[in-house]
Amino acid sequence: QVQLVESGGGLVQAGDSLRLSCAASGRTFNIYAMGWFRQAPGKEREFVLGIRWSTGRTFYADSVKGRFTISRDKVANMVYLQMNSLNAADTAVYYCAASSRSKYGSDWNTRSDYDYWGQGTQVTVSS
């Protein structure tokens, strides 16, 4: 089993930057991919971006490509989300996720691809 804990959320102004962190513990040796999802008020939880654990290959939602960057530290079992040029539409609870499932021919970009979830961290962008 894997445990995930997010941190780094907060209140920022439009145009600012923010960095989220996710710490993984437990059976981390069997992680194939990690990613970030977000859920805005009244909306469904949506995929933001992810990373293949072994190679570092990344995959992004079109809405954040060019603004958000995902990275990971394999030794420390950490994954990071660097968010730049934030706007009000980015306001949401952000969730870290990990997958123990290998995939070929597609990326880990849906909720069902992931086995483990953090509790979420709130990001609020004011105008």
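It should be noted that the structure appears before, not after, this text.
Residues numbered from 1 in each chain as written. Predicted model: local features only at pLDDT ≥ 70, side-chain atom pairs only at ≥ 80, totals over all residues. Heavy atoms only, no water.

**Student:** Looking at this structure, I do not really get the environment of Gly35. What am I missing?
**Tutor:** Following the sequence through the fold, Gly35 ends up in strand 4 (residues 33-39). Along the backbone, Gly35 and Gly120 are 85 residues apart, and their C-alpha atoms lie at a distance of 12 Å. (Helix = DSSP H or I, 4+ residues; strand = E, 2+ residues; numbered from the N terminus.)

**Student:** Please clarify how the pattern of salt bridges should be interpreted in this entry.
**Tutor:** Overall, the coordinates contain seven salt bridges when judged by the stated rule. Of the charged contacts in the structure, one is a salt bridge between Asp90 and Arg38, with a shortest N-O distance of 2.9 Å. With Asp90 in the loop between strand 8 (78-83) and strand 9 (92-99) and Arg38 in strand 4, this pair connects stretches of sequence that are 52 residues apart. Look at Arg38 and you get buried, because its relative accessible area is 7%. Lys65 serves as the salt-bridge partner of Asp62, at 3.9 Å between the closest nitrogen and oxygen. The exposure class assigned to Lys65 is exposed, which follows from its relative accessible area of 55%. Because the salt bridges share partners, they merge into one network encompassing Arg38, Glu46, Arg67 and Asp90. (Salt bridge = Lys/Arg side-chain N within 4 Å of Asp/Glu carboxyl O. Buried < 20%, exposed > 50% of the residue type's maximum accessible area, 1.4 Å probe, protein only.)

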